[in-house]
Amino acid sequence: MIASVIVDVPAKQTDRTFDYLIPEHLESVVQKGMRVVVPFGPRKIQGFVLDVKESSSFDQLKKIEEAVDIVPVLNDELLSLSDWMTKETMCYRISALQVMLPAAMKAKYDKVFVPLTDLNSLPAALQSHFQRENPLSWKTALTNGLLKDLQKLVSDGRSELKYLVKRKGTIKKERIFKLAQDSEAIIAALSKNAERQRKVIESLHAEGGTMTSAALQESSGATAATLKALVDKGYLLEEHVEAYRDPFEHREFERTGHFQLTDDQKQAIEPILETVNSYRQRTFLLHGVTGSGKTEIYLQTIDQVLKQGRQAIMLVPEISLTPQMVQRFKGRFGDQVAVMHSGLSQGEKYDEWRKIHRGEVNVVVGARSAIFAPFEKIGVIIIDEEHETSYKQEDAPRYHARDVAIERSKRHDCPVILGSATPSLESFARAQKGNYELLKLQYRMNQQEMPDVQVVDMREELREGNRSMFSRELLAKIEERLEKKEQVVLFLNRRGHSSFIMCRDCGTVMQCPHCEVSLTYHRFKESMKCHYCGHEEHVPEICPECTSEHIRYFGTGTQKVEEELVKLLPQARTIRMDVDTTSRKGSHEKLLDAFGRGEADILLGTQMIAKGLDFPNITLVGVLSADTMLHLPDFRASEKTFQLLTQVSGRAGRHEKPGEVVIQTYTPEHFSIELAKSQNFEWFYQKEMVMRKMAQYPPFYYLSLITLSHENVNKVAAVCSEIAGILERNLSVQAIVLGPVASPIARIQNKYRYQCIVKYKNEPELKPLLKKIMDQYATPGKDAVTIQIDVQPYMMM
């Protein structure tokens, strides 16, 4: 038998399958979707089996060295999805396969077989091996030719193959104790003084004969020495077993039932449930104002899917994967839920993935990569806050989770629900056209009023002598809330202390030596940091250009706001949430829990606090600078500003107490800020669509962005010019090629960056042409130009 293998080398030359001979002892083991170790040139590397066939067009074939898995890690649907992704996102096939697996599975492993039934019921050949070595290592199984028998055991559910990741600290082992003989016989044999030992045996007997070391010591009051004495006497058996790492083991989730739906919600959920029940593919856009109860519609839809014996994937943006969101799902569906997000350790992610792969859970709640959950029977895919740009992956494979969701739903005949208070223009335009079905929730739950929004012109504040970063209006409202013991959320989309440092005498701005961006000042370490390449250096005491001592900090970051708050409102307790304060595991959750318990009056943060927060005591939201995103060189700048302001405003007054929002800006007349005030999405949509049509941008045109980088600016400019010429010659006259031009950030990590953009409506030849360009210019070598092609880009920088 022959296996077609794609090897783990992402390069143009290896982006195809290679045939390998399956050795006799692996013939019944190797299947499609498994990973194998193969000789490739002088080394041995991992690869994925894409097909098993009887013949090859090559005579001399190398043999597969070993199988990495005992059952396929990717099913047929995910294998064909990787093929679709390769073509759609123009990536290498290996990149599309790797992105579907958790990071721990890209590491090195020890593999062991663990029996799941009594050893006496196993075949005699295996029984003796398990008695000598339990768990049984893969190496032993391989050298003794046991793989075929073990494979049968695994598929019968009588044994299981466990991957023990070789990385330090990734295997969680628990010490367990078992009764070696009948408890009455042991108690009879113990001496009368052995009171503690008797308690241990009684505790074990009460718990069915097996307990973890910690639980046994707690229930019997025994010490480690007592347990050791019982093991030495042969009364107890001690074992170390691998346990699931549960990121939520210290949290109790109170079970919740369905809420009564409002008429609005009933109307929205009806067509969704009808589609679920008729096993059809359909994409719904659920457009509901903030606080209108979209989550309850998701939960009740998932409930219906589970009743049919099917599975559900629920995607939320990374930053709104708050403990509150997890609480809602775990509370409703208990242990049927697996959670996947970047706050988990590598081992925890791997364990959650294993639960999904084994079919132990039926609901996945996670960020972008959870879209690849290895489910076999998907009944619904939900993408909450569908407008979020974090659903687009910025490095290869450059997929958008929404596109992958729709593609998977076609293969499973199930609906996709895209939910948002501020849908992306592309999605809303598709809904208007009838490609998606539009469902609306126009009112908040309990008929709560939308918060009252005021826009403060900071230019007026300056003219009247207020140089503070807080307008008088906002400060007065914060003081009022502090007196009433209510909570405030302050939002600023910039971390650090100051956005740049400048010499007042000669105007020199401290720049990153490797990138063409200014360094951000971080007060905590008295350092300046580049947020692109990570370069860090101390703040100079004198200007490096003119030796002046007049160095000043400009712009505002979250650290600076925190300091100002201490000066202005010393009585206020503030919690700051940004990348710097939430980088440690679990810190995000701890800070939000503390705020929820009322241990702070003010929550100050970047966009991670804009979504998913639902605290009854928040009655005031302040946006310190609505302009940070408005003036970026990005055609979506107005859209992102409107979305963010609407989302942040939605945090106020979600319960009984009415909410207020204060938006500070230097451009109050901009339509995205004016319309965010009334949260009027429809008007914003009409206005922005006119601008997009005039400027020929999505959703009227598709885009493709080609970015080149190299240390030599002349070389990268010349190659970019060549590529622009190829595109212009080969595309229709309707296509618009912009460039070559230097990227908005012209240098990152000492490499100069050039780009060209293609705007088009219908160019069937574009993708094959881009693939040709990619193959032609993506040559390996030291002096090669790096080329990246992003079809439907979200980051224009």
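A brief structural summary. (Residues numbered from 1 in each chain as written. Predicted model: local features only at pLDDT ≥ 70, side-chain atom pairs only at ≥ 80, totals over all residues. Heavy atoms only, no water.)

### As for the nonpolar core
The tendency in soluble globular proteins is for nonpolar side chains to be buried as a group.
Now for step 1: Formed by 86 residues in total, the largest nonpolar core has its most connected members in Leu74 and Phe372.
Now for step 2: Element by element, the count of residues in this core is highest for helix α1 (residues 76-89), at five residues.
Now for step 3: Leave out the neighbours within four places in its chain, and Leu74 touches Lys32, Gly33, Phe48, Leu79, Leu97, Met100 and Leu101.
Now for step 4: If you look at the next biggest cluster of nonpolar residues, it comprises 31 residues, including Ala3, Val5, Phe18 and Leu136. (Core = buried A, V, L, I, M, F, W, Y, C linked by side-chain atoms within 4.5 Å. Buried < 20%, exposed > 50% of the residue type's maximum accessible area, 1.4 Å probe, protein only. Helix = DSSP H or I, 4+ residues; strand = E, 2+ residues; numbered from the N terminus. Contact = heavy atoms within 4.5 Å.)

### Some thoughts on empty space enclosed by the protein
Now for step 1: Evaluated as defined, the whole model comprises three cavities of 30 Å³ or more.
Now for step 2: In this structure, the largest cavity spans a volume of roughly 60 Å³.
Now for step 3: Lining the largest cavity are Phe491, Asn493, Ser625, Ala626, Thr628, Met629, Thr641, Leu644 and Leu645.
Now for step 4: In the lining of the largest cavity, the residues fall into five nonpolar, four polar and no charged. (1 Å grid on protein atoms, 1.4 Å probe; cavity = no way out; pocket = protein on both sides within 12 Å on 5 of 7 lines; lining within 4 Å. Points joined across faces, edges and corners; volume = space filled by probe spheres on them. Nonpolar A, V, L, I, M, F, W, Y, C, P; charged D, E, K, R; others polar.)

### Examining the sheet that holds strand β31 (residues 736-748)
The strands that make up a sheet are held in pairs by hydrogen bonds between backbone atoms, and each pair lies either parallel or antiparallel.
Now for step 1: Here we have four strands laid out as an open sheet, ordered β31-β32-β30-β33, and antiparallel in their pairing. The open sheet has two edge strands, β31 and β33 (786-791), and neither has a second partner. For this sheet, the mean inter-axis angle between neighbouring strands, taken without regard to orientation, is 20 degrees.
Now for step 2: Examined bridge by bridge, β31 and strand β32 (residues 751-760) share seven bridges and lie antiparallel to one another. Within the sheet, the bridge partner assigned to Leu738 lies in β32 and is Ile757.
Now for step 3: On top of the sheet, helix α23 (residues 713-730) reaches β30 (702-710), β31, β32 and β33; it is set at about 10 degrees to β32, its chief contact. (Pairing = 2+ DSSP bridges. Axes fitted to C-alpha atoms, helices over the stretch in contact; angles between N-to-C directions.)

### Description of the environment of Gly725
Now for step 1: Tracing the chain through its elements places Gly725 in helix α23.
Now for step 2: Sequence-wise, Gly725 and Leu150 are 575 residues apart; in three dimensions their C-alpha atoms are separated by 59 Å.

### Let's talk about unusual backbone geometry
Now for step 1: Note the cis peptide between Asn134 and Pro135, where omega equals 5 degrees.
Now for step 2: Examined against the element boundaries, Pro135 turns out to sit in the loop between α3 (124-132) and β7 (136-137).
Now for step 3: Across the junction of Pro698 and Pro699, the peptide omega takes the value 5 degrees, indicating a cis bond.
Now for step 4: With respect to the secondary-structure elements, Pro699 resides in the loop between α22 (681-695) and β30.
Now for step 5: Positive phi, close to 60 degrees, is recorded for Thr547, a residue that is not glycine.
Now for step 6: One can find Thr547 in the loop between β24 (536-538) and β25 (551-554).

### Describing the packing of aromatic side chains
For any pair of aromatic rings, the description rests on two quantities: the centre-to-centre distance and the angle between the ring planes.
Now for step 1: Enumeration according to the criterion identifies 12 aromatic pairs in this entry.
Now for step 2: Summarising the aromatic geometry, the rings of Phe642 and Phe681 are spaced 6.3 Å apart at their centres and angled 45 degrees between planes, so their arrangement reads as tilted. Remark: Phe681 occurs in helix α22 and Phe642 occurs in helix α20 (residues 637-649); sequence separation between them is 39 residues.
Now for step 3: Ring centres of Phe671 and Phe684 lie 5.7 Å apart, and the angle between their planes is 25 degrees; on these two criteria the pair is classed as stacked. (Phe/Tyr/Trp six-rings, centres within 6.5 Å; stacked < 30°, edge-to-face > 60°.)

### A short note on the packing of helix α15 (residues 425-433) against α22
Now for step 1: As a packed pair, α15 and α22 sit with axes 11 Å apart at the nearest point and diverge in direction by 100 degrees. On the basis of the axis angle, α15 is roughly perpendicular to α22. Contacts between α15 and α22 involve Leu425, Phe428, Ala429 and Gln432 from the former and Phe681, Glu682, Phe684, Tyr685, Glu688, Met689 and Arg692 from the latter.
Now for step 2: A per-class count over the contact of α15 with α22 returns seven nonpolar, one polar and three charged. (Parallel < 35°, antiparallel > 145°, perpendicular 65-115°, else oblique.)

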